[in-house]
Amino acid sequence: GDPEKFGKAVGGDIMQNKKTFLAIHTAEVANAEQRAAYDALLASNHPGKVPEVLAIMKQCGVDEWAWQLKQTYFEKAMHHLEEIAVVSNRKAALKELAHFLIQRQH
């Protein structure tokens, strides 16, 4: 995410080797070569670590996987919201908030 918007340094989680769901998924889907490079990067703190880890994540399709997962959960949430026995106009604010959150910039 944009450091100006979120107050976090880009790649901070990568530099700290945090076990985010993106990092875990990368480790799960990486082929042997990618996994070896990924593990070596996690063991290091060299200046190119963040862009190199991000490149491996992209090669592994983690960005697309995360986007699809976000869409799936959003659609499920909207379906369940429709199922709730509440007048539709009372659901409007919650729907508006959900649409804002799902489309916000990273």
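Residues numbered from 1 in each chain as written. Predicted model: local features only at pLDDT ≥ 70, side-chain atom pairs only at ≥ 80, totals over all residues. Heavy atoms only, no water.

(A) Representation of helix H5 (residues 49-59). Taken together, the buried positions of H5 are Lys49, Val50, Val53, Ile56 and Met57. Projected down its long axis, H5 carries its buried residues within an arc of 130°, all on one side. Turned more than 90 degrees from where H5 packs its buried face, Lys58 and Gln59 sit exposed. Elements that come into contact with the buried residues of H5 comprise helix H2 (12-15), helix H3 (21-29), helix H4 (32-42) and helix H6 (62-83). Immediately beyond the C-terminal end of H5, within one or two residues, lies Gly61, with a positive phi of roughly 75°. (Buried < 20%, exposed > 50% of the residue type's maximum accessible area, 1.4 Å probe, protein only. Helix = DSSP H or I, 4+ residues; strand = E, 2+ residues; numbered from the N terminus. Arc of directions from axis to C-beta. Contact = heavy atoms within 4.5 Å.)

(B) Expanded view of the side chain of Lys49. Inspection of the secondary structure puts Lys49 in helix H5. For the buried Lys49, no salt bridge exists, and the shortest N-O distance to an oppositely charged side chain is 10 Å, to Glu52. Within the structure, the side chain of Lys49 is placed 2.9 Å from the backbone oxygen of Ser44, a separation counted as a polar contact. Sequence-distant contacts of Lys49, defined by excluding residues within four places in its chain, comprise Ile14, Met15, Asn17, Leu41, Leu42 and Ser44. (Lys, Arg positive; Asp, Glu negative; His and termini not counted. Salt bridge = Lys/Arg side-chain N within 4 Å of Asp/Glu carboxyl O. Polar contact = N/O pair within 3.5 Å; in protein donor to acceptor, adjacent residues only side chain to side chain.)

(C) Looking closely at the nonpolar core. Formed by Ile14, Ala23, Ala30, Tyr38, Leu41, Val50, Val53, Ile56, Met57, Cys60 and Val62, the largest nonpolar core amounts to 11 residues. Elements supplying a minimum of two residues to this core: H4 and H5. It is H5 that provides the largest number of residues to this core, a total of four residues. Among residues more than four places away in sequence, those in contact with Ala30 are Arg35 and Cys60. The next biggest cluster of nonpolar side chains, apart from the first, holds five residues, and it includes Phe74, Met78, Leu81 and Ala98. (Core = buried A, V, L, I, M, F, W, Y, C linked by side-chain atoms within 4.5 Å.)

(D) Just the pattern of salt bridges, in detail. Taken as a whole, this structure holds four salt bridges when the rule is applied. Asp13 serves as the salt-bridge partner of Lys18, at 3.7 Å between the closest nitrogen and oxygen. A salt bridge links Asp63 to Lys58; the nearest nitrogen and oxygen atoms lie 2.7 Å apart. Take Lys58: its relative accessible area is 57%, and that puts it in the exposed class.

(E) Region of the structure containing the packing of aromatic side chains. Taken as a whole and judged by the stated rule, the model has one aromatic pair. Centroid distance Phe21 to Trp65: 5.4 Å. Interplanar angle 45°. Geometry classified as tilted. Taken together, the positions of Phe21 in helix H3 and Trp65 in helix H6 put the pair 44 residues apart, joining distant regions of the chain. (Phe/Tyr/Trp six-rings, centres within 6.5 Å; stacked < 30°, edge-to-face > 60°.)

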